[in-house]
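Coordinate analysis (summary)
Next come the chains, spelled out residue by residue.
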Amino acid sequence: MTSTVLGKYLTLSDGAKLYYKELGQGDPIILIHGWPCSNEFFRKNIEELAKTHRVITPDLRGYGNSSKILSGHTMIQYGKDIAELISQLKLSKVHLAGWSMGGSIVLSYWQQFSKDQKLASLALIDSDPYPFSKEDWNPHGLRVGQADGLNAMFQTYQADPAAFFQGFVGKMFKSGQATEDDMAWMKAEMLKTPPIIAMAAYSDFAISDYEKVVPTVTVPFLVIGADSGVYPQGEQLAHHLAARAPKGYAEVFKDGGHLLFYEQPEKFNAALASFVLN
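Values in this document were obtained by computation on a predicted structure and should not be read as measured data. (Residues numbered from 1 in each chain as written. Predicted model: local features only at pLDDT ≥ 70, side-chain atom pairs only at ≥ 80, totals over all residues. Heavy atoms only, no water.)

A few words now on the pattern of salt bridges. Overall, the coordinates contain 11 salt bridges when judged by the stated rule. The shortest N-O distance in the salt bridge between Arg61 and Asp14 comes to 2.8 Å. Separated by 47 residues along the polypeptide, Arg61 in the loop between strand E4 (54-58) and helix H2 (75-88) and Asp14 in the loop between strand E1 (7-11) and strand E2 (17-23) bring together distant segments of the chain. Arg61 sits in the buried class, given a relative accessible area of 1%. (Salt bridge = Lys/Arg side-chain N within 4 Å of Asp/Glu carboxyl O. Helix = DSSP H or I, 4+ residues; strand = E, 2+ residues; numbered from the N terminus. Buried < 20%, exposed > 50% of the residue type's maximum accessible area, 1.4 Å probe, protein only.)

Next up, the structure:
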């Protein structure tokens, strides 16, 4: 069952059409999905958070129901797209939260547009801001394999995208397994992204160092983490990133996995709402 919130489109300056959902009133919370997902992954969060805030969940260009434009699949351009969304919707006092790759997009936005002073806070949700980093804080599987590992991943993905996502979805859950219903709709959302777009975006995500941006974040900064098959040391990563920011705060979800906001929606919704209200 999909979210009952109706979607809308806005047109970006290069002609790309960005699909998004919004619900509620008050200071805005923008939730940015990860690779290669869609706004539907926040289906258990938008209505609850909308009780106190205006919640906006876009599909990145090329993902979900957004147009499948072949250009602009970098963290820098995704950050610019979020800036256009904020501008077109005339938003201020924005709470910007990104899950997984979405965390790099949040930090990209901050790096490019923090002087606009439209952000009230930032949040990273089980996010690794530099997958290729060789530092000890980095739990990403590509830390060791680097380019060879990335190429191997893409070969497996291209050979059978549906089978690739079958394994990927399972790793996102704490147990390592998804229910039949969850597997079906999550795979369907992931398969909406053309492989050429997904691979271009992941390549840029992997090589882009946004960990170095974290110490520059001067607004309140929430980092939520959990251990899972995606990030085995996700809890340690959350504490590392929070400690790097002047106003950083870490929160750990022991039983949440990479999909902590989906597996533990009540806890996640309460934690995020409490953070943005303080």
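That was the structure; now back to the text.
A few words now on the nonpolar core. The biggest cluster of nonpolar side chains holds 98 residues, and the ones touching the most others in it are Trp35, Phe41, Leu96, Leu122 and Phe261. Among residues more than four places away in sequence, those in contact with Leu122 are Leu96, Val106, Leu107, Trp110, Val217, Val219, Pro220, Phe221, Leu222 and Phe275. (Core = buried A, V, L, I, M, F, W, Y, C linked by side-chain atoms within 4.5 Å. Contact = heavy atoms within 4.5 Å.)

Here we come to the pairing of E1. Relative to E2, E1 runs antiparallel, the two being bridged by five bridges. Looking at the pairing, Gly7 lines up with Lys21 of E2. (Pairing = 2+ DSSP bridges.)

Further remarks concern unusual backbone geometry. Phi is mostly negative for residues that are not glycine, and the peptide bonds are mostly trans. The amide bond that connects Trp35 to the next residue, Pro36, takes the cis arrangement and shows omega of -20°. Take Pro36: it is sitting in the loop between strand E3 (28-32) and helix H1 (46-49). The phi dihedral of Lys93 is positive, around 50°, even though this residue is not glycine. On the secondary structure map, Lys93 appears in the loop between H2 and strand E5 (94-99).

Our next topic: helix H3 (residues 101-113). With 13 residues, H3 extends 18 Å from end C-alpha to end C-alpha; this agrees with the ideal 18 Å at 1.5 Å per step. The element H3 is extensively covered by neighbouring structure, given that 11 of its 13 residues are classed as buried. Next to the buried residues of H3 lie E3, H2, E5, strand E6 (119-125), helix H7 (195-207) and strand E7 (221-225). (Expected span 1.5 Å × (residues − 1).)

Contact geometry of helix H4 (residues 142-159) with helix H5 (residues 161-172) gives a least axis separation of 5 Å together with a crossing angle of 120°. Here H5 runs oblique to H4, going by the angle between their axes. Residues Met153, Thr156, Tyr157, Gln158 and Ala159 of H4 form the contact with H5, whose own contacting residues are Pro161, Phe164 and Phe165. Class assignment for the residues of the contact of H4 with H5 results in six nonpolar, two polar and no charged. (Axes fitted to C-alpha atoms, helices over the stretch in contact; angles between N-to-C directions. Parallel < 35°, antiparallel > 145°, perpendicular 65-115°, else oblique. Nonpolar A, V, L, I, M, F, W, Y, C, P; charged D, E, K, R; others polar.)

Before going further, it helps to examine the environment of Gly145. Checked against the element boundaries, Gly145 lands in helix H4. For the pair formed by Gly145 and Phe132, sequence separation is 13 residues and the distance between their alpha carbons is 8.6 Å.

Along the chain, Asn138 falls in the loop between E6 and H4. With relative accessibility at 4%, the residue Asn138 sits in the buried group. Side-chain polar atoms of Asn138 contact the backbone oxygen of Pro131, separated by 2.9 Å. Within polar-contact distance, the side chain of Asn138 engages the backbone oxygen of Ser133 at 2.7 Å. When sequence neighbours within four positions are dropped, the list of residues in contact with Asn138 reads Asp128, Tyr130, Pro131, Phe132, Ser133 and Arg143. (Polar contact = N/O pair within 3.5 Å; in protein donor to acceptor, adjacent residues only side chain to side chain.)

Time to look at the packing of H4 against H7. Closest axis-to-axis distance for the H4/H7 pair is 11 Å, and the angle between their directions is 175°. Judged by the angle between their axes, H4 and H7 are roughly antiparallel. Of the residues in H7, those in contact with Leu142, Leu150, Met153, Phe154, Tyr157 and Gln158 of H4 are Pro195, Ala198, Met199, Tyr202, Ser203 and Ala206. Among the residues forming the contact of H4 with H7, the class breakdown is 10 nonpolar, two polar and no charged.

Judged by pairing direction, the sheet is mixed, and its eight strands sit side by side in the order E1-E2-E4-E3-E5-E6-E7-E8 without closing on themselves. Only two strands of the sheet have a single partner each, and these edge strands are E1 and strand E8 (248-252). With direction set aside, neighbouring strand axes in the sheet form an average angle of 25°. Inspection of the sheet shows E2 paired to E4 by four bridges, in the antiparallel sense. Residue pairing in the sheet places Glu22 in a bridge with Ile56 of E4. Of the strands in this sheet, E6, E7 and E8 touch helix H8 (residues 234-244), which is tilted by about 170° from E7.

Interpretation in functional terms is not warranted from these geometric data alone.
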